[in-house]
Amino acid sequence: MKSTLFLGTVCLLAIGWLSCMNPPTTPQEQTSTNDTTPTDTAGYQQWVEYIASQKALLPRTEDNAIDMRVWGKHACNNKLFDSLTKQFNSAIDGGDIFWQDVNNLMILFYGVNYRDDNVQYLNLEREFDTNFRKGNKEKAFQIAQEILKFAPASPHVLDLTGFLQFMLDSTAYEAIQSYHVRTTLCLYAMEMLGDGSQESPLIITNVSDEYFYLARRLKVRQIANQQLVTNPITGAQCDVLTLTEEDAKRLGRDAVWFDVTYSMRRMEKLFNLSSDANQMNDRSEGATKPSTKRPQKRQAKK
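What counts as what
Residues numbered from 1 in each chain as written. Predicted model: local features only at pLDDT ≥ 70, side-chain atom pairs only at ≥ 80, totals over all residues. Heavy atoms only, no water. Phe/Tyr/Trp six-rings, centres within 6.5 Å; stacked < 30°, edge-to-face > 60°. Helix = DSSP H or I, 4+ residues; strand = E, 2+ residues; numbered from the N terminus. Buried < 20%, exposed > 50% of the residue type's maximum accessible area, 1.4 Å probe, protein only. Contact = heavy atoms within 4.5 Å. Core = buried A, V, L, I, M, F, W, Y, C linked by side-chain atoms within 4.5 Å. Pairing = 2+ DSSP bridges. Expected span 1.5 Å × (residues − 1). Axes fitted to C-alpha atoms, helices over the stretch in contact; angles between N-to-C directions. Parallel < 35°, antiparallel > 145°, perpendicular 65-115°, else oblique. Nonpolar A, V, L, I, M, F, W, Y, C, P; charged D, E, K, R; others polar.

**What to know about the packing of aromatic side chains**
Logical step 1: Throughout the structure, instances matching the rule amount to 14 aromatic pairs.
Logical step 2: Look at Phe-128 and Phe-132: their rings are 6.2 Å apart centre to centre, the planes differ by 35°, and that puts the pair in the tilted class. Residue Phe-128 and its partner Phe-132 are both found in helix H7 (residues 121-133); the two are separated by 4 residues, about one turn of the helix.
Logical step 3: You can call Phe-132 buried: its relative accessible area is 14%.
Logical step 4: Here the aromatic cluster, defined as three or more aromatic residues joined through ring pairs, consists of Trp-71, Phe-109, Tyr-110, Tyr-114 and Tyr-262.

**Details of the side chain of Ser-263**
Logical step 1: Along the chain, Ser-263 turns up in helix H13 (residues 261-283).
Logical step 2: Those residues in contact with Ser-263, other than ones at most four positions away along the chain, are Ile-204, Thr-205, Asn-206 and Val-207.

**Overview of unusual backbone geometry**
Logical step 1: In this structure, Asn-64 is a non-glycine residue whose phi angle is positive, near 75°.
Logical step 2: Topologically, Asn-64 is positioned in the loop between helix H2 (41-55) and helix H3 (69-75).
Logical step 3: Relative accessible area serves as the criterion here: at 52%, Asn-64 is assigned to the exposed category.
Logical step 4: One non-glycine residue, Lys-219, adopts positive backbone phi at about 60°.
Logical step 5: Relative to the assigned elements, Lys-219 resides in the loop between helix H11 (208-216) and strand E2 (223-230).

**Quick look at the nonpolar core**
Logical step 1: Residues Phe-88, Tyr-110, Tyr-188, Leu-193 and Leu-214 are the most contacted members of the largest nonpolar core, which totals 65 residues.
Logical step 2: Ranked by residue count, the leading element in this core is helix H10 (residues 173-193), at 10 residues.
Logical step 3: One finds Val-229, Cys-238, Val-240 and Ala-255 within the second-largest nonpolar core, a separate group that totals 5 residues.

**Things to note about the pairing of strand E4 (residues 255-259)**
Logical step 1: Within E4, 5 of the 5 residues are buried, which leaves the element mostly enclosed by the surrounding structure.
Logical step 2: Burial along E4 is two-sided: the face carrying Ala-255, Trp-257 and Asp-259 and the face carrying Val-256 and Phe-258 are both buried.
Logical step 3: Across 5 bridges, strand E3 (residues 237-243) lies against E4 in antiparallel orientation. For Thr-242, the partnering residue across the bridge sits in E4 and is Ala-255.

**Focus on H10**
Logical step 1: With 21 residues, H10 ought to run about 30 Å at 1.5 Å a step, and its terminal C-alpha atoms sit 32 Å apart, in line with that.
Logical step 2: The buried fraction of H10 is high, at 17 of 21 residues.

**Some thoughts on the environment of Thr-261**
Logical step 1: Relative to the helices and strands, Thr-261 resides in helix H13.
Logical step 2: You can call Thr-261 buried: its relative accessible area is 15%.
Logical step 3: For the pair formed by Thr-261 and Cys-238, sequence separation is 23 residues and the distance between their alpha carbons is 7.6 Å.

**Digging into the packing of helix H9 (residues 155-168) against H11**
Logical step 1: Here H9 crosses H11 at 60°, and the two axes come no closer than 8 Å. By the criterion of interaxial angle, the relationship of H9 to H11 is oblique. In this structure, H9 uses Pro-155, His-156 and Asp-159 to contact H11, whose residues at the interface are Ser-208, Asp-209, Phe-212 and Arg-216.
Logical step 2: Split into classes, the residues belonging to the contact of H9 with H11 amount to 2 nonpolar, 2 polar and 3 charged.

**Observations regarding the sheet that holds strand E1 (residues 202-203)**
Logical step 1: Pairing in this open sheet of 4 strands is mixed, and the strands run E1-E4-E3-E2 from one edge to the other. Since the sheet does not close on itself, it has two edges, and those belong to E1 and E2, each with one partner.
Logical step 2: Relative to E3, H11 is tilted by about 35°, and along the sheet it contacts E1, E2, E3 and E4.

In structure tokens, the structure reads:
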């Protein structure tokens, strides 16, 4: 818990620096660098109608629940995944394909959790966080590029990499803008399925994305408490981040709820893979090839 809170503090501080960069706004983001929702009445109504039209495109089960496994199936299509990744990475003027059909974005954001290589970048993320905390900007930036090959729509990695890009070369306007646009798209994806309430938690794929959301969307730089609980309404494991009294008053809410189902599954798979490797080393001295044993895939409920 201490390491998580420490990493969260680092993310909040770094994202605070990012928000001060004030890169150019995109066509979909006319109000501020940290918001995707228009504030004027006409613009807000258009936004509400647009969100409703996009939600109508989301895949559904027979009981009308959102079927996230459909995004996972498409994400496992390497040709499609690579094509969407290429277009996502080149998003500078707004990434039209992802605004026109939110499912294209969801394949990269949530569907990535169903890919076989999803677990591999967890260790890379730890290495990235370590180098970032130590101030090894070039090394951290290099590792981030590797992470984004596996998870192109990783919010906190994109946000911090944009910060690193700015620190390494503040004149790289196009690259900085691209990170900014992709970060904005991630915010959009997160809020398509939830609002952070107990009734509708934000579904995240990495715990660090919680702090990304707090800083970028809610402008929260510090939290009062963090607790892992079972949501009595949805039945999912959730991280509940309690806000400070000042932020709670400003935002009109006491806490933000995050569904951490995907994050916990990834960690579980990583531990299982590590356990398999350790058992193989203990039982087979001088083995010429690693074990190919993998944990059985679980049926997603989301």
